[in-house]
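Given next are the chains, with one letter for each unit.
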Amino acid sequence: MISCSYIENNINRHFSDNYNLFINSEMKNTNPSDCNFGLSTNSSISSFSSTSTILDTSKLAVTKSIEIHSGISGDCVDYIPTLNSFVIGDQEGYLSLWKYPQWKKISQIKCHASYICFVKYIADSKEIITASYDRTIQIHKVMKDKTIKTLKTLKNNNQIEAMLVLPEENLLISGGPYMGLSFWDLHGYRLKGMLDTKGKAGVGQNILFIEKFQLLACGFLTGQISLYDVTNNFEELSTVDTQHEDWNITIGFDPRYNLLYACVDFHCLKCWRITEERRLEYVAEYYFPGNNILSFEPCELDGKEVILITSVCSRVHVFDVSSKEFSYLLSKNYSRIRIFEQQNILILTSNQDSKIDIIEYQFPNTSASQSWSEDAEIFDSIFDCEEL
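Residues numbered from 1 in each chain as written. Predicted model: local features only at pLDDT ≥ 70, side-chain atom pairs only at ≥ 80, totals over all residues. Heavy atoms only, no water.

**Q** Hey, could you run me through the overall build of the chain in this one?
**A** Each helix and strand counted, the chain has three helices and 30 strands in total. For the chain, with 388 residues in total, the buried portion stands at 59%. Considering only residue pairs separated by 6 or more positions, the chain has 49% of its internal contacts joining residues 24 or more positions apart. Surface accessibility of the chain: about 16,200 Å² in total, with carbon and sulfur atoms responsible for 43%. (Helix = DSSP H or I, 4+ residues; strand = E, 2+ residues; numbered from the N terminus. Buried < 20%, exposed > 50% of the residue type's maximum accessible area, 1.4 Å probe, protein only. Contact = heavy atoms within 4.5 Å. Areas by Shrake-Rupley, 256 points an atom, 1.4 Å probe, with all protein chains shown as cover.)

**Q** Would you mind showing me how to read the environment of Asn232 here?
**A** In this fold, Asn232 is placed in the loop between strand S18 (224-229) and strand S19 (235-241). With 17 residues separating them in the primary sequence, Asn232 and Leu215 have C-alpha atoms 9.9 Å apart. One polar contact links Asn232 to Glu235, side chain to side chain, over a distance of 2.7 Å. (Polar contact = N/O pair within 3.5 Å; in protein donor to acceptor, adjacent residues only side chain to side chain.)

**Q** How should I be thinking about the sheet that holds strand S3 (residues 62-67) in this particular structure?
**A** In sheet architecture, strand pairing relies on hydrogen bonds along the backbone and comes in two forms, parallel and antiparallel. The strand order across the open sheet formed by four strands is S3-S30-S29-S28, and the pairing between neighbours is antiparallel. The open sheet has two edge strands, S3 and strand S28 (336-340), and neither has a second partner. Each strand axis lies, on average, 20° off the axis of its neighbour in the sheet, ignoring direction. (Pairing = 2+ DSSP bridges. Axes fitted to C-alpha atoms, helices over the stretch in contact; angles between N-to-C directions.)

**Q** Sorry if this is basic, but what is going on with the pairing of strand S22 (residues 268-274) here?
**A** A regular strand places its side chains so that they alternate between the two faces of the sheet. Burial of S22 is extensive: seven of the seven residues sit out of reach of the surface. In the sheet, strand S21 (residues 259-264) pairs with S22 via six bridges, with the strands oriented antiparallel. Opposite Tyr261, over in S22, you have Cys271 as the bridge partner. Where S21 hands over to S22, the hairpin turn is made up of three residues, of which Asp265 adopts a positive phi near 55°. Across seven bridges, S22 lies against strand S23 (residues 280-287) in antiparallel orientation. The partner of Ile274 across the bridge, within S23, is Leu280. Taking the residues between adjacent antiparallel strands as the criterion, S22 and S23 are bridged by five residues, where Arg278 takes a positive phi near 65°.

**Q** So what exactly am I meant to see when it comes to the nonpolar core here?
**A** The nonpolar side chains of a soluble globular protein tend to be buried with one another. Ranked by internal contacts, the top residues of the largest apolar core, which has 28 residues, are Phe86, Trp103 and Ile347. Of all elements in the fold, only strand S4 (77-80), strand S5 (85-89), strand S6 (94-99), strand S8 (116-122), strand S29 (345-349) and strand S30 (355-360) reach the threshold of two or more residues within this core. (Core = buried A, V, L, I, M, F, W, Y, C linked by side-chain atoms within 4.5 Å.)

Listed below in structure tokens is the structure:
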């Protein structure tokens, strides 16, 4: 999932009444390329055209809603294959287990004193990792009677905002706005050390592991996005400057076209392609005036390459990256969207509502191409780009 935390005071601080001043400001691109999805990087854009014909929205109706204890703030939903269940963490520190596809609550435990911001199931150890704004990381296990038991609590000196689990590397990686990247031993659950970020300060809303390239990707509040080599002691391979110092920077990867997206300054999605040499190559940027982005998911829907976006404007947007058109899918204040392709569902959550909405949708096979040349050909044909 690709998402941005919602903090009302900061949203209001960034929400400008004069969008034209923002949109018409100079776009500073560190490495522009001819491949721009048909979007000129040196032109000003007042808005994208709006249409209701991007896709058949009747296929994307909410099919199920469940009521949890409170709203959700973070990457707090994960799937447990062995139990065919979802585990969910909420803003009041509750962790609950839900049987799928009935969406029947099996058990619940109060485990944190503040918002849960991260939930992840580890298949190897059959444990659930949670992190919270109460500055603790907890390890839980689902017992035979399906109750949840907390096994261990780790204390952190600073607020945790983002986490990543790398079972094959035996690592748990955490980060936050007032800290760098901390490395924890996944078996002994002890702090192993910190990553030298070379002056880049504060970790954004998420940390990504890009398995295809064996890369760790991280956005920093000082505006940089960096790639680190997981196979070589996390050596820094590539860094780009987004030109935005942003506490809310959020990144996401589309494996079909090797695209790394970043949401910066609430209104802007910037895009880079990861090259065969594992470097970031600038592609394009999209501005959405008047729509403060809370979360986004690139995917294929109804045969079209789209980005699903939740925003402060209480709508879910569907943005067609080829035609540059967008439409409205749902009118509700969702703060996060997450796709579970194996289960063919979209899960929409809100930090202002204790209800979770589920959309059933038959996703296409999105496995990556077998060769780099095939990747490039597919990328160019869909996005109408010149050869990189």
